Amino acid sequence: MKQSIQLRLGQHLTMTPQLQQAIRLLQLSTLDLQKEIQEALDTNLMLEEGDEADRFDGPDAGEPGTANSEELDPGHVPVEQTVDREVHAESNEMPDELPVDTQWTDVFDSYLPTTAHGSDDGSDFDPFAHQSRPQTLLDHLSWQINLSRMSERDNMIAHAVIDSIDVDGYLRIDIDELLVTIGRTDVSAEEVEAVVHRIQSFDPPGVGARSLPECLLIQLRQLAATTPWRDTAIAVCTQGFEYLPKKDVASLARQLKESEETIAGALALIRTLNPRPGGLIAATPAQYVTPDIFVRKRDGRWLVELNPEATPKLRVNADYARLIRRADQSADGVTLKSHLQEARWFIKSLASRNDTVLRVGAKIVEMQQEFFEHGDEAMRPMVLRDVAEALELHESTVSRVTTQKYMHTPRGTFEFKYFFSSHVNTASGGECSSTAIRALIRKLIAQESAKKPMSDSRIAQELANQGINVARRTVAKYREAMGVPPSNERKRLT
């Protein structure tokens, strides 16, 4: 094949480093963004945090139309939005773009510790080992064992027992398996049973039970003898527990030879007990949410503002910027220019992120003002495309903005994605949000009779009477998603 030179013209899209950085910052959550900003401050000598006087005003300070805010009037007409786009870049006499001899990978240098573990002196100090952790059920039971007066033999058996208790507080293995776990031939089943009963007196009430009836009985027996319906509740758990899940009050009354009113009181007492006592102690690490924007109503108008604590103001260090000489091609001069260019890219990307988050948040508030005025029942159907077309943004950009971004409102703190939902056609030809339908179902269930709860078909009929055509299986799906039991499990005598 003969080789030849050909000239071709074409167009293609290129993801510049600046665009890649802007996209990456846009999809970060507030906590991740704060880590990214701190890392940039630690690795770039040109970047510094602004003074307190340079920070944004708080959510309760300032007037409408101030920096980083947008005001919406009741007529859904947004007023002028002003965002601090410069973020104190302090360009001085330097041009926007500087020629550098370094690549993008040379700019993002990181400073890692010299050793994989611990400090420079080679010690094994681990700072994460000193962090606090939530107390587990095993920790709580071990603490009570240490406070109890037990022999060394019983102490050994007790630790074997609590090691077999799951996170719900139940002892899932029998005595024979415990004997195998202990692995000592001189320990009898009677000794293990006695220690199990000792642990069942520990906190939380009901811990160490081997079944649900035993768990309920432990809690009932720890109540005062004068507690109303206590004895009847104990009888229900011992003699008529098979009728309890069915809420068969008549069969329980015949079985125990008590009146239905007495049985109803005993069932009410049983409902106050905890079927999973271990959940009271097995704490999970707290997940903190930092809102990106604040939404509040003032003088009949909705005001949307950025959270000033979420993204601190950054600026270029003017003293270091003055050290740059344009003709200086030394290693120090090139490093200063690279850090200056990186700082400006980061500041512009951060300003662009703040601008986009504020615009999307303000548009969501504008399109969902009925929700902020009246609650979930007034939520209108909305998809990402609606916001993207209104703001002339790509749908993927709106998706990045609404992921792990939160707004603090008078009705609570919500993720941006909470305001997007599918729709159901109404009898009048309109549309109703699935979130609003869930709120209506929750309202109907809250107003139903405890003796005769509404079935899914009845709920669908009630929604149809309000002009919302929803199938019975759709009602069942929404009800299960909200964690509401079916009608036969919601039935109460009183």
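Residues numbered from 1 in each chain as written. Predicted model: local features only at pLDDT ≥ 70, side-chain atom pairs only at ≥ 80, totals over all residues. Heavy atoms only, no water.

1. Considerations on the overall build of the protein chain
Helices and strands together make up the secondary structure of the protein chain, namely 20 helices and nine strands. Classification of the 494 residues of the protein chain by burial places 41% in the buried group. Expressed as a percentage of contacts within the protein chain between residues at least 6 apart in sequence, the contacts between residues at least 24 apart total 67%. (Helix = DSSP H or I, 4+ residues; strand = E, 2+ residues; numbered from the N terminus. Buried < 20%, exposed > 50% of the residue type's maximum accessible area, 1.4 Å probe, protein only. Contact = heavy atoms within 4.5 Å.)

2. Points about unusual backbone geometry
With an omega of 5°, the peptide bond running from D203 to P204 counts as cis. As for its placement among the helices and strands, P204 is situated in the loop between α7 (189-199) and α8 (212-221). In the Ramachandran plot, K257 falls in the positive-phi region, its phi being about 55° despite a non-glycine side chain. Looking at the secondary structure, you find K257 in the loop between α10 (249-256) and α11 (260-271). The phi angle at D299 is positive, at roughly 55°, despite the residue not being glycine. Along the chain, D299 turns up in the loop between β3 (293-298) and β4 (301-306).

3. Focus: the nonpolar core
Most often, soluble globular proteins have nonpolar side chains that are buried together. The biggest cluster of nonpolar side chains holds 28 residues, and the ones touching the most others in it are I364, V387, M407 and F419. Secondary structure elements with two or more residues in this core: β3, β4, α13 (331-367), α14 (369-374), α15 (384-391) and α16 (395-402). A total of seven residues in this core trace back to one element, the largest contributor, which is α13. Discounting chain neighbours no more than four positions away, the residues touching F419 are I364, Q368, F371, F372, M379, M382, M407 and F414. The next biggest cluster of nonpolar side chains, apart from the first, holds 22 residues, and it includes M150, V161, I165 and V187. (Core = buried A, V, L, I, M, F, W, Y, C linked by side-chain atoms within 4.5 Å.)

4. Here we look at helix α6 (residues 175-182)
All of the buried residues in α6 are I175, L178 and I182. Looking straight down α6, one finds that the buried residues subtend no more than 55° of arc, so they occupy a single side. When the buried face of α6 is taken as reference, the exposed residues oriented beyond 90 degrees from it are D176 and V180. At its buried positions, α6 is contacted by α5 (152-163) and α7. (Arc of directions from axis to C-beta.)

5. Some words on the pattern of salt bridges
Scanning the model with the defined rule gives 17 salt bridges in all. E462 is the partner of R458 in a salt bridge, and the nearest nitrogen-oxygen pair spans 3.3 Å. Of this pair, R458 and E462 both sit in helix α18 (residues 456-465), four residues apart, which is roughly one turn of the helix. When its relative accessible area of 44% is taken as the criterion, R458 is described as partly exposed. (Salt bridge = Lys/Arg side-chain N within 4 Å of Asp/Glu carboxyl O.)

6. As for the packing of α5 against α7
Interaxial distance between α5 and α7 falls to 9 Å at its minimum, and their mutual angle equals 70°. In terms of orientation, α5 lies roughly perpendicular with respect to α7. The interaxial crossing formed by α5 with α7 has right-handed handedness. Residues R153, D154, I157, A158, V161 and I162 of α5 lie in contact with α7, whose contacting residues are E191, V192, V195, V196 and I199. (Axes fitted to C-alpha atoms, helices over the stretch in contact; angles between N-to-C directions. Parallel < 35°, antiparallel > 145°, perpendicular 65-115°, else oblique. Left-handed = near helix turned anticlockwise from the far one by under 90°.)

7. Focus on the packing of aromatic side chains
Aromatic ring pairs are described here by two measures, namely the spacing of the ring centres and the angle between the planes. Summed over the entire model, instances satisfying the criterion amount to nine aromatic pairs. Measuring from ring centre to ring centre gives 5.2 Å for F371 and F372, while their planes differ by 75°; the resulting arrangement is edge-to-face. Grouping residues by exposure puts F371 and F372 together as buried. Relative to F419, the ring of F414 lies with its centre 5.8 Å away and its plane at 65°, an arrangement referred to as edge-to-face. Among the aromatic residues, ring-to-ring pairing joins W302, F371, F372, F414, Y418 and F419 into one connected group. (Phe/Tyr/Trp six-rings, centres within 6.5 Å; stacked < 30°, edge-to-face > 60°.)

8. As for the side chain of T262
Of note, T262 is situated in helix α11. Excluding residues within four positions of it along the chain, T262 makes contact with W229 and T232.

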